[in-house]
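# Understanding the architecture of this molecule
So the chains spell out like this:
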Amino acid sequence: MTLKLIQVGLGMHGFGVAQAFVKHSPDFSYAGIVEINPARLKECAAELGVAEEFCYTDYKEAFAALEADAVFVTAASPYHYPICKAALEQGLHVLVEKPFVLEISEACELVELAKQKGLILMVSQNYRYQNHVLSLKNAIGEVGQPLFVQAQFFYDHFGKDYQQVMDNFMLLEMAVHHIDMIRYLFGSNIRSVSGKTWNIEGSMYKGHPNVQASMELDNGMPVFYLGSLVSKGLSSPWEGEWRVQCQDGSVHLGDLGQGYGVYIVDQQQNKRFISYEDGPLPDSKQGIHSVLADLAARIHDGGEPMLSGRDNLYTLAALIAFADSSERGTVKYPESYIITN
Ligand SMILES: NC(=O)c1ccc[n+]([C@@H]2O[C@H](COP(=O)([O-])OP(=O)(O)OC[C@H]3O[C@@H](n4cnc5c(N)ncnc54)[C@H](O)[C@@H]3O)[C@@H](O)[C@H]2O)c1
């Protein structure tokens, strides 16, 4: 029998996720949907085939009234915290889009609440289930021990209303993917960070859209990151452009001549290309397909998901540490931001 899901927030991404992933999930069917905008709710309900009696504009009413196992929070980021909290308090498992929440104290509180209630709390860091990222992870080590990493991302983004007024906009909305990738690729948390974030003249954003950061991982490896959401000109693919310098060669995610993908370059400059299609997962398991499957499996067996809220504390703390480091001009230690019992 399928598990019953309530999805909250059906904006551009939320509705896309509903159509492309939730609707096709073998594990979940809709208990109901929630969208604060009534016109949008009606439109999405019709497209998704959800009857009016299972559609709500108020998430608390929906959580109290609907028979459900879990909630998928795809509302705008500033609302993640109250929606996750209400769902957990109602005894529902939670999957929330990145960024988990906007403040590390909120994240720690939710992780504790989920633990007390014995519920699954998961963050949809879907890039961990993308072929480009999995192929990069598999390729690292093929040319010896990794020594240091450089990653960059450039895009000219037109911000949504909520993004235009968000603090730490670039960090929480976009760099969150790349910083989570760093932790995943190298199986190591970020020990220390020294960062700088900044705005540009005439920017539509209150929060800084540019970031540059140097990090040291727990395993001692240096990582250098540069990201921008206000860069006109050549833009990067969402996963960014990476060079992992290894002892006997380099591993890249980028376009070294045969299209965007993973390249392994040896000491003689021989290049091997691994395209998206050559990656380990079929289309039916890419990204949010696997996130949903993992949520269902963990609801059934009670185990901790790879993408648990607890794990995500270390991604969020690193991002907050970048912002603090920029403001204070000092080195910051992400782990010191995490307070749990
Ligand atoms: N993982 C990814 O690759 C990825 C990609 C894009 C967006 N996202 C994330 O998905 C989330 C949504 O992004 P989006 O692009 O759809 O934004 P959006 O602004 O297009 O849509 C947000 C929707 O949430 C609704 N909403 C706001 N408060 C609500 C509430 N209290 N109850 C119910 N609905 C509410 C809004 O009415 C709107 O329809 C964000 O957190 C964003 O960071 C993730």
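Cut-offs applied
- Residue indices begin from 1 for each chain and proceed along its sequence in written order.
- The model is predicted, so local features are restricted to residues of pLDDT at least 70 and side-chain atom pairs to those at 80 or more, both for listing and for counting; the totals for chains, interfaces and linings are taken over all residues.
- No hydrogens and no water enter the side-chain calculation; it runs on all heavy atoms of the structure.
- If a single non-hydrogen atom of a residue is within 4 Å of a molecule or strand, that residue counts as near it.
- Whenever a nitrogen or oxygen atom comes within 3.5 Å of another N or O atom, the pair is scored as a polar contact, on the condition that within protein one atom can donate a hydrogen and the other can accept it, and that pairs from neighbouring residues in sequence are kept only if both atoms are in side chains.
- Per-residue and other accessible areas follow the Shrake-Rupley method at a 1.4 Å probe size, with only the shown protein chains counted as cover for residues.
- Two kinds of site are reported from a 1 Å grid over the protein atoms alone, namely cavities, where a 1.4 Å probe fits but cannot get out, and pockets, open sets with protein on both sides within 12 Å along at least five of seven lines, and residues are called lining when an atom falls within 4 Å of a point.
- More than half of a molecule's atoms lying within 2 Å of a cavity's or pocket's grid points is what places that molecule inside it.
- Secondary structure elements follow DSSP: runs of H or I of four or more residues count as helices, runs of E of two or more count as strands, with numbering from the N terminus.
- We call Asp, Glu, Lys and Arg charged. Ala, Val, Leu, Ile, Met, Phe, Trp, Tyr, Cys and Pro are nonpolar, and the rest, Gly among them, are polar.
- Where each domain starts and ends follows an automatic or database-derived domain assignment.
- UniProt positions are given in the numbering used here, feature names are shortened, and annotations may be inferred rather than shown by experiment.
- Burial classification: accessible surface area is computed with a 1.4 Å probe over protein chains only, and a residue below 20% of its type maximum counts as buried, one above 50% as exposed, and the rest as partly exposed.
- Counted charges follow a simple rule, with Lys and Arg positive, Asp and Glu negative, and His plus the chain ends left uncounted.
- A pair is scored as a salt bridge if a Lys or Arg side-chain nitrogen falls within 4 Å of a carboxyl oxygen belonging to Asp or Glu.
- Here a residue-residue contact requires only that any non-hydrogen atoms of the pair lie within 4.5 Å.

### What about the site of the ligand?
Around the ligand there are 24 residues in total, and H13, E35, S77, K98 and K160 lie nearest to it. One nitrogen or oxygen atom from the main chain of G11 is found 3.4 Å from an oxygen atom belonging to the ligand. Within the backbone of G14, a nitrogen or oxygen atom sits 3.5 Å from an oxygen atom of the ligand. When the free accessible area of the ligand is taken as 860 Å², the share hidden by the protein chains comes to 83%. Judged by the fraction of its atoms near the pocket grid, the ligand is located in the largest pocket. The element that contributes the greatest number of residues to the shell around the ligand is helix α1 (residues 12-20), accounting for three residues. Here the residues of the shell around the ligand are counted per class, giving 10 nonpolar, nine polar and five charged. Each of two domains, domain 1 (3-124) and domain 2 (128-285 + 320-325), supplies a minimum of three residues to the shell around the ligand.

### Notes on the UniProt feature "domain: GFO/IDH/MocA-like oxidoreductase" (unreviewed entry) in the protein chain
Feature annotation in UniProt assigns "domain: GFO/IDH/MocA-like oxidoreductase" (unreviewed entry) to the following positions: residues 141-251. What you have in residues 141-251 is 20% helix and 38% strand, and the ends, taken at the C-alpha atoms, are 9 Å apart.

### Details of the side chain of E35
In this structure, E35 sits in the loop between β2 (28-34) and α2 (38-48). In this structure, E35 is buried with no salt-bridge partner, the nearest side chain bearing the opposite charge being R40 at 5.4 Å. Within polar-contact distance, the side chain of E35 engages the backbone nitrogen of L10 at 2.8 Å. Polar contacts involving the side chain of E35 include one to the main-chain amide nitrogen of N37, which spans 3.0 Å. Look past the residues within four positions of E35 in its chain and what remains in contact with it is G9, L10, G11, R40, L41, Y56 and T57.

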